[in-house]
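Read off the chains here:
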Amino acid sequence: MKLDPALLACARRQHGLVTLGQWCAHGGARSTFYRLACDGVLVPMAPRVAALVGTPIGPTQRILAGVLGFGPGVVASHTSAAWAWGADVAGDAPVELTAVGIRRRTTDPRYRIHRPVDRQRVRHVVRDGIPVTMPARTLLDLGASRPAAVTGALEAFLRRGHVSGPMVHSALARARRKGRPGVTPLARALAGLRALTDSELESMMREVFESAGLGGWTFHEIV
């Protein structure tokens, strides 16, 4: 079956994914979308979302499929956003999403949908084509759902320059005032980092100092 070039261009921008709405907008019939999904020409990914046959399926496709399938007003968050920002976590087991200002529910075990307790507009950016929560909020969300993963994610974010020590301190201060979950794990993770490293070399030097019993040092002292 020959697909509309504009639909193919849309799929390329979305890592090989198309939504039912996009399919119909480019002249396709709703019944054809579901028939091709049953025939294996389209690969079902999420509600009303499919991948073109031959598309490599990985965390990027699974996370974006969730955003497209449950949106608008839905962004990747928690472990899924942390994965997108470079943390060593499983971002698609399950895919975690935050729904802002709308009610979204699912019984699909592949997805977990959160509602922000602070009821504020959740700021986000598009990273590799995926709308994701901002780094500081991602760390707080991760602290609420996966406290054990916060330290590793914080180190990765600092090393990649997504956050800084002062930025995390400010985010914690704001979150405490609003009673947001995730504050305690993130605060402990920040306090536990005697050295905030931003490179592999600094991480290696930290290990050397600690193994030698040397104290009283920091890499990036906050003044």
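Refer to the structure above for everything that follows.
## Looking at the pairing of strand β8 (residues 130-133)
For a regular strand, side chains alternate in direction, first toward one face of the sheet and then toward the other.
Argument step 1. Across the two faces of β8 the burial is the same, with Ile-130 and Val-132 and Pro-131 and Thr-133 all buried.
Argument step 2. When strand β7 (residues 124-127) meets β8, the two strands line up antiparallel, connected through 4 bridges. Across the sheet, His-124 pairs through a bridge with Thr-133, a residue of β8.

## Topic: the environment of Phe-33
Argument step 1. One can find Phe-33 in helix α3 (residues 30-39).
Argument step 2. In this structure, Phe-33 is in contact with Val-18, Thr-19, Leu-20, Trp-23, Leu-42, Arg-48, Val-49 and Ala-50, ignoring residues within four places of it in sequence.

## Quick look at the sheet that holds strand β2 (residues 42-46)
Argument step 1. The sheet built from 3 strands is open, its strands ordered β1-β3-β2 with antiparallel pairing. The outermost strands of the open sheet, each flanked by one partner alone, are β1 (17-19) and β2. With direction set aside, neighbouring strand axes in the sheet form an average angle of 40 degrees.
Argument step 2. Strand direction decides the pairing type here: β1 and strand β3 (residues 49-52), joined by 3 bridges, are antiparallel. Across the sheet, residue Thr-19 finds its bridge partner in β3, namely Val-49.
Argument step 3. Its contacts with the sheet put helix α1 (residues 5-13) on β1 and β3, and the angle it makes with β1 is roughly 115 degrees.

## Here we look at the packing of helix α8 (residues 165-178) against helix α9 (residues 183-192)
Argument step 1. At their nearest, the axes of α8 and α9 sit 10 Å apart, and the two run at 155 degrees to each other. Relative to α9, the element α8 is oriented roughly antiparallel. Remark: the crossing between α8 and α9 carries left-handed chirality. Side by side, α8 and α9 meet where Val-168, His-169, Leu-172, Ala-175 and Arg-176 of the first sit next to Val-183, Leu-186, Ala-187 and Leu-190 of the second.
Argument step 2. When grouped by side-chain class, the residues that make up the contact of α8 with α9 number 7 nonpolar, 1 polar and 1 charged.

## Examining α9
Argument step 1. Val-183, Leu-186, Ala-187, Ala-189 and Leu-190 are the residues of α9 that are buried. An end-on view of α9 places all buried positions within 160 degrees of arc, on one side of the element. α9 presents Arg-188, Ala-191 and Gly-192 as exposed residues on the side facing more than 90 degrees away from its buried surface.
Argument step 2. Each element contacted by the buried residues of α9 is listed here: α6 (135-145), α7 (150-160) and α8.

## Side note on the packing of aromatic side chains
Argument step 1. Following the criterion strictly, the structure yields 3 aromatic pairs and no others.
Argument step 2. On the basis of an interplanar angle of 70 degrees and a centroid distance of 5.8 Å, the ring pair of Trp-23 and Phe-33 is categorised as edge-to-face. On the criterion of sequence distance, the pair formed by Trp-23 in helix α2 (residues 20-25) and Phe-33 in helix α3 is long-range, its members being 10 residues apart.
Argument step 3. Taking relative accessible area as the criterion, Trp-23 reaches 1% and is therefore assigned buried.

## Focus on the packing of α6 against α7
Argument step 1. Where α6 contacts α7, the axes come no closer than 10 Å and their chain directions differ by 170 degrees. By the angle class used here, α6 and α7 are roughly antiparallel. In this structure, the crossing between α6 and α7 has a hand that is right-handed. Residues Pro-135, Thr-138, Leu-139, Leu-142 and Gly-143 of α6 form the contact with α7, whose own contacting residues are Val-150, Ala-153, Leu-154 and Phe-157.
Argument step 2. Residues of the contact of α6 with α7, tallied by class, amount to 7 nonpolar, 2 polar and no charged.

## A word on the side chain of His-162
Argument step 1. Counting through the fold element by element, His-162 comes out in the loop between α7 and α8.
Argument step 2. Here His-162 is in contact with Trp-85, Arg-127, Pro-135, Phe-157 and Met-167, once residues within four sequence places are set aside.

## Comments concerning the pattern of salt bridges
Pairs can form between side chains of opposite charge once their charged atoms are near each other.
Argument step 1. Counted according to the given criterion, the structure contains 5 salt bridges.
Argument step 2. Residue Asp-108 pairs with Arg-110 through a salt bridge whose shortest N-O separation is 2.7 Å.
Argument step 3. With a closest N to O distance of 3.8 Å, Asp-141 and Arg-137 form a salt bridge. In this pair, Asp-141 and Arg-137 both sit in helix α6, 4 residues apart, roughly one turn of the helix.
Argument step 4. The class of Arg-137 is buried, set by a relative accessible area of 11%.

Here is what the cut-offs are and how they apply
Counting starts from 1 at the beginning of each chain's written sequence and moves along it residue by residue. In view of the model being predicted, local features appear only for residues whose pLDDT reaches at least 70, and side-chain atom pairs are presented and counted only at 80 or more, with totals across whole chains, interfaces and linings using the full set of residues. With hydrogens and water set aside, each side-chain value is computed from the structure's full complement of heavy atoms. Each residue is assigned to one of three classes by its accessible area relative to the maximum for its type, calculated with a 1.4 Å probe on protein chains only: buried under 20%, partly exposed between the two thresholds, exposed over 50%. Working definition: helices are DSSP H or I runs of at least four residues, strands are E runs of at least two. Numbering for both runs from the N terminus. Whether two strands pair depends on DSSP finding at least two bridges between them. By definition, residues are in contact when any of their heavy atoms lie within 4.5 Å. Inter-axis angles, ranging from 0 to 180 degrees, are taken between N-to-C directions of lines fitted to C-alpha atoms, where helices are fitted over the stretch in contact. In this scheme, roughly parallel covers angles under 35 degrees and roughly antiparallel covers those over 145, while 65 to 115 is roughly perpendicular and the rest are oblique. Note on convention: the crossing is left-handed when the near helix lies turned anticlockwise from the far helix by less than a right angle, right-handed when the turn is clockwise. In this classification, the charged set is Asp, Glu, Lys and Arg, the nonpolar set is Ala, Val, Leu, Ile, Met, Phe, Trp, Tyr, Cys and Pro, and all remaining amino acids, among them Gly, are polar. Regarding the arc, it is the one traced by the directions from the helix axis to the C-beta atoms. Any Phe, Tyr or Trp ring, taking Trp's six-membered ring, that has another such ring centre within 6.5 Å forms a pair; planes under 30 degrees apart are called stacked, those over 60 apart edge-to-face, and the others tilted. In what follows, salt bridge is the name for a side-chain nitrogen of Lys or Arg lying within 4 Å of a carboxyl oxygen of Asp or Glu.

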